[in-house]
Structures are given as C-alpha cells and as structure tokens.
Amino acid sequence: MSAGAQARPPDTASGTRPTRPALLVLTLSLGVTTLSLLQSLVVPVLGPIGEQLGVSTAAASWVLTANLLAAAVLTPVLGRLGDIHGERPVVLGILAAVAVGTLLAIVTRSLPLLIVARVLQGSSYGLFPLSISLLRRELPPERLSVAMSIVSSTLGVGGVVGLVAAGLLTGDGGDYHRPFWIGLGVTLASLVLAAVVLPRRPATATGHVDWAGAVVLGAGLVLLLLPVSQGNGWGWTSPLTLGCAAGALVVLTGWVLLQRRRAEPLVRPALLADPRMLVPNLAGLATGVGLFVSFLVVMQYVQTPPAAAGYGFGATVLEAAVVYLLPGGVLGIALAPLAGRVVDRIGALPTLLAGSVTGLAGFLVLTLGRAEPAWVVVAGLLSQAWVTVAYAALPSLVVSAVRRSETGVANAVNSIARSTGQAVGSTLTVALLGAGLDPATGFPRASAFTAVSLLGAGAAAAVVLVSVAGMVQARRRGPGEPDDLAEVERACARAGEWSPVSGIR
C-alpha cells in the first residue's frame, strides 16, 4: 500500500472523491451546533412551559433532563450503529429523528409527548462522536487537531445561540413552541448539507448493539436523577428518595457487571476504569455541570423583579438572552477557531487548565458581584470562555490518552460524561433554587443563588485540580508514550488505522 493510501485509506477503498476539509468541518460543525442549540432552546422557556401546560417547575424541568438522559444512553448505541452501518447513514438517521422530534415539540400541548419529543432530540448527541470519527477518517493529520477543536467548540457556542433565539422568539409571555421552529430549520439545513457532503464509506465493524445494556443504563440514570429533581417535594429523607438512590446504585452496579459479561458491550468496563481516561471524563463531567449552572442561574437571577425579591434586575426573557448571554455567545464564536490552535501549540492539558481557571473566576464574580448587571455579563463571558476552551481541549485529551483502537469508544464515553454532567447540573440547580424558595415572595432567596454559584465554582475548581493532576501524571510518565496529538495522529496515519466510533472492531 502506498503512503497516500495509508494516510487516506477510505478514498482508495471506496473510489469516491475526497471530501474538501473546510466543507466537511462546516457540515459537522452545523450538526453539532444543532444538538447544542436544541439542548438549550428550552432553558429560557421552562417557566412558560410549566405555566402553559399547567405543571410544576420540577415537572417542566424534565423537558430538559429527559433530553440529557436520552443523550447519555443513546450516544454509545448510535456510535455502535455507526460502526456497523457506517457514519453517513447513522448521521442522516439521527438528523431525521431529531427533525421528527422537533416537529412533535412544535405541535404538541402535552407534557408527556413533549418529553418524547425531547428524547428524540436527545439522539442528536450521537452526532459528536460520529463527527470526530469522520474527521479522523477523512482529514490528514496536520489538519485534524484544529478541526476537532472547532467542531467540539460549537457545543458551547450553539448553546448560547439557542438561548438567545428563544429569548428573541418568546419575549414576555410568548408561546413556548416558537423557539422550536428555529431548531427545525437548523436541523433540516444540517440534514440537507450532510446528505450532500458526507462521503459514502464502508462500515468498519460487524456485530450487534447491546440493547439490554442501553436499557439498564437508562434505568440507572433515571433512578439517579429522579430523587435529585424531586427531593424537595418528596423530602430528602423520604423512603421514595432514598429508595431511588439505592436503586440507582444497584442498577448501575448491575450494568457494569452486565457489560463485563457481554462479548460486545455497550461500553467496555475496562475503559470506564482506565486511569488514562479519568482526566478527560472528570473534566467533561464537571464542565457539563458548570455549563448548565451558568445558563440557569443567570437566566433566573436577572429576570427576578427586585421590588418583590430584593435582588435581580427584572429583565425580560429577551433582555436576559440578548444582554446577559449573547456576549458570551459572541465570545465563544470568536474563541472556537483560536482554541484549536492553542491546543495544537501548547497542548490540551494547559489549555484545559487555563479555561477552567477562567471559569472559576467567572463563578466567583457571580457569587460576589452579581448586584451589578455589568458584573453578571462579565461572569457570563468568563464561564462561556471556560466551556468553549474546555470543549476544544477534550477531544485532543481523549485521543492522546488511549490506544488508537480505543479512540472512538473513548470519545463516546466522554460524550456520556458531558451529557451526564449537564443533566446533573440542571437538576441540582433546579433543586437548590427550589429548596431556597421564600414562601413570602414566591422567589428563591438570594442565598440560593449563592449556593448555585458556588456549585459552578466547585465544578470549575474540580477541572483545575484534574488538569493539574493530569499534567503531573504526564510529567512523571515522561516521553515513553506519545502524548502529543500530532504524534498520535501521525502514528495513526502511518499504521492506516482509523478507529470506529464505538471502538469495537
């Protein structure tokens, strides 16, 4: 096999024309933007959803949480399907399912059906590991690091775009269905572009999907998050709350044991316990927590009327989105391409450390200086910079942490960590604000916002510690293994090994 064939084996294998790198990155970035946009569209309208559907705030919050749970369960399933059937048909299938779910969200006025729609939209999280797999398959090594960082950074940027779009379309008392039209338009545009641009490649594996493992994982995560979201109503020491927590421990332990017995598991248990993956997975989990803490606490705080609660700015949904969140989105868009080059120049761990220090500063500003609107904007800028930079660094960390044959499944596991962190962040924020509700005013006490801000600061501090630990570990390990992403990619190119999404060959 020639050197060119080794670097780009799919082209010679399929005989199709090579994909233009810029167009491929644009297509995959739009797909990943779709998932983060749909993820955040509902954040500004959780209140209107509860009011217009006649349900409690805790019940309405499951419109967000169900989406994140579906993401955690479906991501490895869709990755495995990408191995068996090829990335292109699975990406197109995901986008079609997301379009159907978004259309259902537009037409339904039932909370259960809206949750079903959000579950369908949750399949969009499978687009990220599939996109990383496509980039590794299609791009030359010298372009891969920046391309991965750009696509990954849109996870944070699309979230802010979704928040601003929801604010623009709903305003005060607007119909919560309106933002989903934006989601439908972006999804259909992404579907058309993917159908035109994505190359047809042969599948990389045979076998089947561990559907039983997916069901057990989903059950365990629901049991884990249900008492967190309902603890205020049930009572934190009630038999139902404690029973769900104990059930989650039993079910998730059983899931790990089940995965060990499977010839083709949903996720390899050895990879879950691999110390090389602790840094990116813990960082992804904590960054996911910080992302949704920042979104939710800022949106609710600035909309609180100061005359009634003694704090807040009485902002409308539109003002909250445009004034307080849009600057962070603009900063994220500007940082996304630069973050990839920083990762390529100084390494993923130093980049992750710098981003998390920025996030820690942002949440400390939100904790201590939120009485002034300008400082809340600054806090949003700093937290959005953290998320953008962290999401740019994580794929490179994953790639350089594991063997070439494990790259795909490692990215899927990291996606699970991020989406689980986002689910935990959203449910904990709702629970803390609900626990701090002042019956006299009907709004959370100021101390509840302090607690949530400190939760975000704790998440950022955890990433700081994880980053430092990873740098110390890398220094102790020395140059025995190639930690630099470019070296890893050159090795992959020389070996002609292009990892599948699930990592099961």
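Position numbers for residues start from 1 in each chain and track the written sequence from start to end. Local features in this predicted model are restricted to residues whose pLDDT is 70 or higher, and side-chain atom pairs enter the listing and the counts only when it is 80 or higher, whereas totals over whole chains, interfaces and linings include all residues. Heavy atoms from the whole structure form the basis of all side-chain values; hydrogens and water molecules are not counted.

With that settled, the discussion passes to the packing of aromatic side chains. Classification of ring pairs uses Phe, Tyr and Trp, with its six-membered ring standing for Trp, and accepts pairs whose centres are within 6.5 Å; under 30 degrees between planes counts as stacked, over 60 as edge-to-face, and the remaining range as tilted. In this structure the tally under the stated criterion is 7 aromatic pairs. Ring geometry for Tyr301 versus Phe449: centroids 5.2 Å apart, planes at 75°, classification edge-to-face. Of this pair, Tyr301 sits in helix H15 (residues 278-303) while Phe449 sits in helix H21 (residues 446-477), placing them 148 residues apart in sequence. Burial classification: accessible surface area is computed with a 1.4 Å probe over protein chains only, and a residue below 20% of its type maximum counts as buried, one above 50% as exposed, and the rest as partly exposed. Classification of Tyr301 by relative accessible area gives buried; the value is 7%. According to the relative accessible area criterion, Phe449 is buried, its value standing at 0%. Aromatic pair Phe363 and Trp386: ring centres 6.2 Å apart, planes at 85°, arrangement edge-to-face. With a gap of 23 residues between them, Phe363 in helix H18 (residues 348-368) and Trp386 in helix H19 (residues 373-401) connect regions that are remote in the sequence. Secondary structure follows DSSP: runs of H or I at least 4 residues long count as helices, runs of E at least 2 residues long count as strands, and numbering of each begins at the N terminus.

Take the buried Ala, Val, Leu, Ile, Met, Phe, Trp, Tyr and Cys residues and link them wherever side-chain atoms come within 4.5 Å; each set so joined is a nonpolar core. Counting residues in hydrophobic clusters, the biggest one holds 124 residues, and the most contacted among them are Val43, Ile49, Val91, Leu114, Leu135, Val298 and Val302. Residue contributions to this core peak at 14 residues, all from H15. Every residue pair with non-hydrogen atoms within 4.5 Å of one another is taken to be in contact. The residues contacting Ile49, other than those within four sequence positions of it, are Gly54, Val55, Ala60, Val63, Leu114 and Tyr176.

All right, on to the packing of helix H7 (residues 87-107) against helix H8 (residues 111-122) then. Running from N to C, H7 and H8 point in directions that differ by 155°, and their axes come no closer than 7 Å. Comparing the axis directions of H7 and H8 gives the class roughly antiparallel. Taken as a pair, H7 and H8 cross one another with a handedness that is left-handed. Together, Ala97, Val98, Val100, Gly101, Thr102, Leu104 and Ala105 of H7 and Leu113, Leu114, Val116, Ala117, Leu120 and Gln121 of H8 make up the contact between the two elements. Considering only residue class, the contact of H7 with H8 consists of 10 nonpolar, 3 polar and no charged. Each axis is a line fitted through C-alpha atoms, and for a helix only the stretch in contact is used; angles between axes span 0 to 180 degrees, taken between their N-to-C directions. Here is the rule for angles: anything less than 35 degrees is roughly parallel, anything more than 145 is roughly antiparallel, 65 through 115 is roughly perpendicular, and the remaining ranges are oblique. Crossing handedness is defined as follows: a turn of the near helix away from the far one that is anticlockwise and smaller than a right angle gives a left-handed crossing, while the clockwise case is right-handed. As a working rule, the residues Ala, Val, Leu, Ile, Met, Phe, Trp, Tyr, Cys and Pro are called nonpolar, Asp, Glu, Lys and Arg charged, and the rest polar, with Gly in that last group.

Each residue after the first adds 1.5 Å to the expected span of a helix. Here helix H13 (residues 239-261) is 23 residues long and its end C-alpha atoms lie 32 Å apart, about the 33 Å a rise of 1.5 Å per residue gives. Buried within H13 are the following residues: Thr241, Cys244, Gly247, Ala248, Trp255 and Gln259.

What follows is about the side chain of Asn67. Along the chain, Asn67 turns up in helix H6 (residues 62-85). In this view, Asn67 contacts Gln39, Arg118, Gln121, Gly122 and Tyr125; residues no more than four positions away in its chain are not counted.

What follows is about the packing of H15 against H18. Viewed as axis vectors pointing N to C, H15 and H18 meet at an angle of 30°, and their least axial separation amounts to 12 Å. When the axes of H15 and H18 are compared, the pair comes out roughly parallel. Helix-helix and strand crossings are classified by hand; for H15 and H18 the assignment is left-handed. Note on element contacts: H18 touches H15 through Leu349, Leu352, Phe363 and Leu366, opposite Val279, Ala283, Gly290, Val293, Ser294, Val297 and Val298. Split by residue class, the contact of H15 with H18 holds 9 nonpolar, 2 polar and no charged.

By definition here, a salt bridge exists when the distance from a side-chain nitrogen of Lys or Arg to a carboxyl oxygen of Asp or Glu is within 4 Å. Tallied over the entire structure, the rule returns 1 salt bridge. Linking Arg109 and Asp175 is a salt bridge whose minimum nitrogen-to-oxygen distance equals 3.5 Å. Here the residue Arg109 occupies a position in the loop between H7 and H8, and Asp175 occupies one in the loop between helix H10 (141-170) and helix H11 (178-197), the gap between them amounting to 66 residues. Given the relative accessible area of 24%, Asp175 is considered partly exposed.

Counting all residues, the mean pLDDT for the chain is 80, and 86% of those residues have values of 70 or more. Here residues 1-17 is a poorly scored stretch, pLDDT under 50, and it has 28 contacts once near neighbours within four places are set aside; other chains count. Residue-level confidence of the predictor is what pLDDT reports, using numbers from 0 through 100. The low-confidence segment residues 480-505 (pLDDT under 50) makes 76 contacts with residues lying over four places distant or belonging to another chain.

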